Amino acid sequence: MTTLLQFKNVSKQYGNSTVALSDVNFSVNEGELVSIIGPSGAGKSTLLRCINRLIDATSGEIIFDGADMLKINKKHDLRALRTKIGMIFQNYNLVERLSVFENVLHGRLGYKSALVGALGLYNENEKKQAIKIIQSLGLNEQVYKRCDQLSGGQKQRVGIARALVQEPRVLLADEPIASLDPNSSKVIMDHLKNICTTLGITVLVNLHQLDVALNYSDRIIGISGGRVVYDGLPANLTDEDIRRIYGSDPEALNLIIQKPKEVAQKI
Amino acid sequence: MRSNFLMKKRLYSGGILLVLVLLAFGAASMTEFSLAKCFSSIPKAIVWSLGNFYPVADSFAKLPDILAKLQETLLISIASASVAAIFALVFALIGSRVTKINNFLATLSRLIANIFRNIDVSIWALVLLFSFGQSSLTGYFALFVASFGFLTRAFMETIDEVGADTVEALRATGANFFSIVFQAVIPMSVSQLISWVLFMIETNIRAATLVGILTGSGIGFVFDLYYKKMDYHSASLVVLSIVLSILLIEQISNYVRRVML
Ligand SMILES: Nc1ncnc2c1ncn2[C@@H]1O[C@H](COP(=O)(O)OP(=O)(O)O)[C@@H](O)[C@H]1O
Ligand SMILES: [Mg+2]
């Protein structure tokens, strides 16, 4: 197995006081689905955004596909690397007034010059590919619909499609199911799992729900207060580990899951 | 504890009210403004208006003149608002939190917009009078500058509100600045931006009257002319035509808004 992504002593500090990540180390192999779990404010979103430099880490090294992301200075080089990193969001972050088709094609903008991108010119190949991906996510009927007419689950599938037309090596998902009902959540997680196994795209997903993480991931990284406190297989996660990740807040624990071990064994 | 908290809030509100009342009284006595005198003069004003301030057959002979000036004023208002909108969009994109290129340019752009916005259109008219003299060009520039300041601010806030998340998503795909602006920011905010421009055109037509008086151009100029000649009948016709054209423009922009949104 080759390593696709590696964090070495990565720290991130906002302003003078807020330490969002401190001395984070882990690595992700090609084709893995890794869940990052932790209470809100633990630093999950910050961690994901440090990978594609939406946020600049304060120190450390982030090696993606052999290159240190933090050492890239030229805007052009950074954009070229970002095309290889797809991202989906809790609130989908689509242009709601535009059609599904247009939103999905936005995933190609990273490959375009300023003028071509601004005019939104796409070639036949790109359009065909976009339609194919939209269909594979079960949105055949919605291709030319405006996104503000879609349900949450459908919007998130548009978000996934936009990331996939980038032809990415890795997909970053920041709480992709936090705003969805259980059924839509399952559809989205199944798609992510499927993307990972059939397309071989590495998936890094921030999750709030421990049971989902246990059911879907190849590996779990638990963070708390900006530190990695667990890094291992879902099946090896003990009650004590869970307490270390989520703290001793019993309410949060109860909300998340009653009997974590039993769920883990069901996989 | 709770009742104490509410009590405190009530005392606070009461205190603010008291300060306002004191300020009003203080200002009125300093300027020798009397509310009673003010109200008692209203009937007198009405009587005067009814006696003098209405168009008569004679004044309709001046209608072609008035309409020509009105047309000039409308065109100047529309032109100044539209051209200002283009400049405002550029400055708003540079100044918005969401789309800024860097902090220095963003601050600079905000500063420029604020300076232009906080100086009233009448001041601009007087200042520009020195460089351009009494002409419609002066009026045009005054309206342009004031529109630019206001629209930059309005556009900036629209973009701030509408776009942060989607802009982040497109930045993550590797899209460059111009792609993000034209593919996401503008499609998301275009209807609100147009709404602001329509509002600006309405505002400019109102302001054009005053600006016209100051710069000796457009509809304001003819009003001033008739008024000083004590030809109140013709002056009233000017006012009437202004009111009618503002109502008309409002109807049109309401219609455009309905269709757009
Ligand atoms: N832009 C920011 N400025 C300052 N502090 C921030 C910013 N974003 C996040 N933080 C802080 O960093 C910490 C981690 O936040 P985040 O990465 O969003 O956590 P999570 O996604 O796990 O909820 C929190 O304490 C949060 O308040
Ligand atoms: Mg988060």
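Values in this document were obtained by computation on a predicted structure and should not be read as measured data.

### A few points about helix 9 (residues 218–228) of chain B
All names here are of chain B.
- Within helix 9, burial applies to Gly218, Ile219, Gly220, Val222, Phe223, Asp224 and Tyr226.
- In this structure, the buried side of helix 9 is in contact with helix 4 (63–95), helix 8 (177–215) and helix 10 (232–260).
- Downstream of helix 9 by a residue or two, Met230 has a phi angle that is positive, lying close to 60°.

### Some details on the domain arrangement of chain B
- One can read the domain layout of chain B as domain 1 (2–42) and domain 2 (58–260).
- If you average the C-alpha positions of domain 1 of chain B and of domain 2 of chain B, the two centres end up 36 Å apart.

### Concerning the UniProt feature "domain: ABC transmembrane type-1" (unreviewed entry) in chain B
- When the UniProt feature table is mapped to this numbering, "domain: ABC transmembrane type-1" (unreviewed entry) covers residues 70–253 of chain B.
- In the segment residues 70–253 of chain B, helix accounts for 89% and strand for 0%; the C-alpha atoms at its two ends are 18 Å apart.

### Details of the pattern of salt bridges
- Counted by the stated rule, this structure contains 24 salt bridges over all chains.
- The salt bridge involving B:Glu168 is made with A:Arg49; its shortest N-O contact spans 2.6 Å. Taken together, the residues B:Glu168 in helix 7 (residues 136–172) and A:Arg49 in helix 1 (residues 44–51) connect one chain to another.
- Relative accessible area serves as the criterion here: at 12%, A:Arg49 is assigned to the buried category.
- Among the ionic pairs, A:Arg146 bridges to A:Asp148, the shortest N-O distance being 2.7 Å.
- Classification of A:Arg146 by relative accessible area gives partly exposed; the value is 35%.

Calculation notes
- Residues numbered from 1 in each chain as written.
- Chains lettered and ligands numbered in written order.
- Predicted model: local features only at pLDDT ≥ 70, side-chain atom pairs only at ≥ 80, totals over all residues.
- Heavy atoms only, no water.
- Buried < 20%, exposed > 50% of the residue type's maximum accessible area, 1.4 Å probe, protein only.
- Helix = DSSP H or I, 4+ residues; strand = E, 2+ residues; numbered from the N terminus.
- Contact = heavy atoms within 4.5 Å.
- Domains from an automatic or database assignment.
- UniProt positions renumbered as here; feature names shortened; annotations may be inferred.
- Salt bridge = Lys/Arg side-chain N within 4 Å of Asp/Glu carboxyl O.

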